[in-house]
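Chain by chain, the residues:
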Amino acid sequence: SNFTSLPIQDVEVFTRAYVYQLGLQAALTLLSDIDCGEALDGDMNIIMQRSLHKVLVPLVGEGEGKDFDWICKAILTSLCMHMQIKSHGAFVRMPLTLAEPAFLYDLRQGVAIRSLHRLSFLSRLNSIIEEALDRTIYDVGREAMGQRGCLTDDYSTLDMDLKAR
């Protein structure tokens with residue numbers, strides 16, 4: 001597009017729709033791995049756990065517990081949101097680019113799970129940086145922060161961009 005920048009609200013809408021689509025398509029990947037005959041005879045919880053393990057471990061790894069949990073929560077959240085949309089309890093503005101058949105096909109081939117894995121890593125990195133900024137602000141002290149133009153005492157209300165400045 002010819003936009004030099006988009007309003008933050010548009011970026012947030014797109015990002016939420018993107019993560020929602022990733023979670024849904026990752027769920028389809030997991031569900032396609034389940035043997036329907038086995039599902040009728042066995043405990044569905046155990047079958048789903050086996051499917052999660054079988055599909056996610058090669059892509060995420062055994063020792064990545066935080067990433068595994070984050071991906072599972074993202075998938076579950078997307079499925080819950082999908083159920084709310086189906087029952088007309090919620091609405092998602094889905095950009096057309098996120099609903100293109102070729103894009104969805106790629107997501108179902110494992111791209112969705114790998115993308116969720118990358119987002120999990122970025123989420124952890126964001127937390128580490130925010131914690132470092134909080135410690136830096138604490139070390140600088142309230143008086144020095146006031147001299148730098150920060151008029152609030154509650155630094156938890158500041159977003160990360162303001163903390164970094």
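Everything below is about the structure shown above.
Below: a short report on this structure. As the structure is a prediction and not an experimental result, all values here were calculated from the model.

## So, the overall build of the protein chain
Alright, step 1. When you go through the protein chain residue by residue, the secondary structure sums to seven helices and zero strands.
Alright, step 2. Split by element, the accessible area of the protein chain, about 11,700 Å² in all, is 58% carbon and sulfur.

## Section: the packing of helix α1 (residues 8-32) against helix α4 (residues 65-86)
Between two packed helices, the angle of one axis relative to the other and the distance separating the axes together describe the packing.
Alright, step 1. Direction vectors running N to C along α1 and α4 enclose 100 degrees, while the axes themselves pass 8 Å from each other. As far as their axial angle goes, α4 and α1 are roughly perpendicular. Judged by residue contacts, Val 19, Tyr 20, Gly 23, Leu 24, Ala 26, Ala 27 and Leu 30 of α1 engage Ala 74, Ile 75, Ser 78, Leu 79, Met 81, His 82 and Ile 85 from α4.
Alright, step 2. Of the residues in the contact of α1 with α4, the class split is 11 nonpolar, three polar and no charged.

## What about the nonpolar core?
Alright, step 1. Counting 16 residues, the largest nonpolar core has Ala 26, Leu 56, Ile 75 and Leu 116 as the members making the most contacts within it.
Alright, step 2. Of all elements in the fold, only α1, α3 (44-60), α4 and α5 (101-140) reach the threshold of two or more residues within this core.
Alright, step 3. At five residues, α5 tops the list of elements feeding residues into this core.
Alright, step 4. With sequence-adjacent residues up to four places away left out, Leu 116 is seen in contact with Leu 22, Gly 23, Ala 26, Trp 70, Ile 71, Ala 74 and Ile 75.

## A look at the packing of aromatic side chains
Alright, step 1. In total, this model carries one aromatic pair according to the counting rule given.
Alright, step 2. Consider the rings of Phe 14 and Tyr 18, whose centres lie 6.4 Å apart with planes at 5 degrees: the pair is stacked. Residue Phe 14 and its partner Tyr 18 are located together in helix α1, separated by four residues, close to a single helical turn.
Alright, step 3. According to the relative accessible area criterion, Tyr 18 is partly exposed, its value standing at 25%.

## Some thoughts on α1
Alright, step 1. Over its 25 residues, α1 runs 36 Å from end to end, which matches the ideal 36 Å to within 8%, given 1.5 Å per residue.
Alright, step 2. Within the sequence span of α1, burial applies to Ala 17, Tyr 20, Gln 21, Leu 22, Gly 23, Leu 24, Gln 25, Ala 26, Ala 27, Thr 29 and Leu 30.

## Notes on the packing of α1 against α5
Alright, step 1. Close contact between α1 and α5 brings their axes to 8 Å; oriented N to C, the two are set at 110 degrees. It follows from the interaxial angle that α1 and α5 lie roughly perpendicular. Crossing of α1 against α5: the hand is left-handed. Contacts from Tyr 18, Val 19, Gln 21, Leu 22, Gly 23, Gln 25, Ala 26, Leu 28 and Thr 29 of α1 reach α5 at Phe 103, Leu 104, Leu 107, Arg 108, Ala 112, Ile 113, Ser 115, Leu 116 and Leu 119.
Alright, step 2. Classifying every residue of the contact of α1 with α5 gives 12 nonpolar, five polar and one charged.

## Some thoughts on the pattern of salt bridges
Alright, step 1. A full pass over the atoms with the stated rule returns three salt bridges.
Alright, step 2. Among the salt bridges present, the one from Asp 67 reaches Arg 124, with a minimum N-O distance of 3.1 Å. Linking Asp 67 in helix α4 with Arg 124 in helix α5, this pair joins segments that are 57 residues apart in sequence.
Alright, step 3. Judged by its relative accessible area of 2%, Asp 67 falls in the buried class.

Conventions and cut-offs
- Residues numbered from 1 in each chain as written.
- Predicted model: local features only at pLDDT ≥ 70, side-chain atom pairs only at ≥ 80, totals over all residues.
- Heavy atoms only, no water.
- Helix = DSSP H or I, 4+ residues; strand = E, 2+ residues; numbered from the N terminus.
- Areas by Shrake-Rupley, 256 points an atom, 1.4 Å probe, with all protein chains shown as cover.
- Axes fitted to C-alpha atoms, helices over the stretch in contact; angles between N-to-C directions.
- Parallel < 35°, antiparallel > 145°, perpendicular 65-115°, else oblique.
- Contact = heavy atoms within 4.5 Å.
- Nonpolar A, V, L, I, M, F, W, Y, C, P; charged D, E, K, R; others polar.
- Core = buried A, V, L, I, M, F, W, Y, C linked by side-chain atoms within 4.5 Å.
- Buried < 20%, exposed > 50% of the residue type's maximum accessible area, 1.4 Å probe, protein only.
- Phe/Tyr/Trp six-rings, centres within 6.5 Å; stacked < 30°, edge-to-face > 60°.
- Expected span 1.5 Å × (residues − 1).
- Left-handed = near helix turned anticlockwise from the far one by under 90°.
- Salt bridge = Lys/Arg side-chain N within 4 Å of Asp/Glu carboxyl O.

None of the figures reported here should be taken as evidence of function without further support.
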